[in-house]
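# A structural walkthrough
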Amino acid sequence: MLVAAYVVQTWMVYSDPAGREAPPLSTHALRGREIWHEHNCQSCHQLYGFGGFLGPDLTNAADWLTAARMDTILVDGAGQMPAFDLDLIERRSLGAYLQEIAATGRGQARVAVFQPPVELFASTLADATPPRGRDIALQQNCVACHLPNHASDYRAPDLTTAITRLGREGVRAVLEQGVPGKAMPRFGFSPQDLEALLDFMEWLGENGELVRTALAATKHEDGDWSLAEVPWWEF
């Protein structure tokens, strides 16, 4: 069955006439492609069915995503999507890249994967201090990639150990600069928000064992399961 699925997928990808006849990207779109790779968008999103499964397949995003909506998502974040520190020209270049990708054909179907909702983590962190740093982490949906019990499918480390491993200044550098070649983007936090988030990270470091234990034992309200019962590969 797996071999058959592989053969069919390979045929669908490499026999796609739209893919063979696609024109070269414009200069504007080429810059957008660079931004796509610089921020590791493929770690969460797919193009032509290839990439991560955390976010939607963006092969044909230009068909439904307006420039204004794209600006809002990139600047403010949305759901599991973090905010990115991109200027207007960079956002338009990324939009041009997606428009030219959309013109080449249709994307492949995506497969959903398990992802615990942010509300589950919010209830576990209800007593976290300072609350501002906790709220920023939840708004940015850091737990979409960083899971307190195991390294995730996205190779994102446990945040409860970040301060211990990197120190406050090391975590600051990661948040400000991102991690080149990895799925971690840079964030445009204000100085006040950055300090609040770092304070929260220190709280996580001091209370990591309690957070991990409480989270693993928390039952999800939509079903009779807890994170402790989820197979490791679904993390």
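Residues numbered from 1 in each chain as written. Predicted model: local features only at pLDDT ≥ 70, side-chain atom pairs only at ≥ 80, totals over all residues. Heavy atoms only, no water.

### Details of the overall build of the protein
Summing up its helical and strand segments, the protein has 10 helices and 2 strands in all. Scanning the protein from its N terminus toward the C terminus, one meets helices and strands in the order α-α-α-β-β-α-α-α-α-α-α-α. For the protein, the residues scored as buried account for 42% of the 235 residues in total. Counting contacts in the protein only where the partners sit at least 6 residues apart, residues at least 24 apart contribute 63% of the total. Carbon and sulfur atoms make up 60% of the accessible area of the protein, which totals about 13100 Å². (Helix = DSSP H or I, 4+ residues; strand = E, 2+ residues; numbered from the N terminus. Buried < 20%, exposed > 50% of the residue type's maximum accessible area, 1.4 Å probe, protein only. Contact = heavy atoms within 4.5 Å. Areas by Shrake-Rupley, 256 points an atom, 1.4 Å probe, with all protein chains shown as cover.)

### Focus on the pattern of salt bridges
One pass over the structure, following the stated rule, counts 12 salt bridges. Close ionic contact of Arg168 with Glu202 constitutes a salt bridge, the shortest N to O distance being 3.2 Å. Here Arg168 is found in helix α8 (residues 162-177), whereas its partner Glu202 is found in helix α9 (residues 191-206), with 34 residues between them in sequence. Taking relative accessible area as the criterion, Glu202 reaches 29% and is therefore assigned partly exposed. When the shortest N-O distance is used, the salt bridge between Arg172 and Glu195 registers 2.5 Å. Placement of the pair is Arg172 in helix α8 and Glu195 in helix α9, with a sequence separation of 23 residues. Take Arg172: its relative accessible area is 16%, and that puts it in the buried class. Residue Glu195 is classed as partly exposed on the basis of its relative accessible area, which comes to 30%. Taken together, the shared-partner salt bridges connect Arg168, Glu169, Arg172, Glu195, Asp199 and Glu202 into one network. (Salt bridge = Lys/Arg side-chain N within 4 Å of Asp/Glu carboxyl O.)

### Section: unusual backbone geometry
With a phi angle near 55°, Asn40 is a residue other than glycine that sits in the positive phi range. The topology assignment puts Asn40 in the loop between α3 (27-38) and β1 (46-47).

### Here we look at the packing of aromatic side chains
Per the counting criterion, the structure on display carries 3 aromatic pairs. Ring centres of Phe200 and Trp203 lie 6.2 Å apart, and the angle between their planes is 10°; on these two criteria the pair is classed as stacked. Here Trp203 and Phe200 lie together in helix α9, a separation of 3 residues that amounts to about one turn. In this structure, Phe200 and Trp203 share a single accessibility class: buried. (Phe/Tyr/Trp six-rings, centres within 6.5 Å; stacked < 30°, edge-to-face > 60°.)

### Things to note about α9
Here α9 spans 23 Å end to end across 16 residues, near enough to the 22 Å set by a 1.5 Å rise per residue. Considered for burial, the residues of α9 that qualify are Leu194, Ala196, Leu197, Leu198, Phe200, Met201, Trp203 and Leu204. (Expected span 1.5 Å × (residues − 1).)

### A word on the environment of Glu169
Structurally, Glu169 is set in helix α8. Considering only alpha carbons, one finds Glu169 and Leu198, 29 residues apart in sequence, at a separation of 9.0 Å.

### Concerning the confidence of the model for the protein
Of the residues in the protein, 69% have a pLDDT of 70 or more, and the chain-wide mean is 75. Confidence drops under a pLDDT of 50 for residues 108-115, and excluding neighbours within four residues, the segment shows 25 contacts in the predicted structure. (pLDDT = per-residue confidence, 0-100.)

### Quick look at the packing of helix α4 (residues 67-76) against helix α5 (residues 88-102)
Between α4 and α5, whose axes approach to 11 Å, the crossing angle comes to 120°. Considering their axes alone, α4 and α5 lie oblique with respect to each other. Note that α4 runs across α5; the crossing there is right-handed. For the pair formed by α4 and α5, the contact residues are Ala67, Met70, Asp71, Leu74 and Val75 on the first element and Leu88, Arg91, Arg92, Leu94, Gly95 and Leu98 on the second. Split by residue class, the contact of α4 with α5 holds 7 nonpolar, 1 polar and 3 charged. (Axes fitted to C-alpha atoms, helices over the stretch in contact; angles between N-to-C directions. Parallel < 35°, antiparallel > 145°, perpendicular 65-115°, else oblique. Left-handed = near helix turned anticlockwise from the far one by under 90°. Nonpolar A, V, L, I, M, F, W, Y, C, P; charged D, E, K, R; others polar.)

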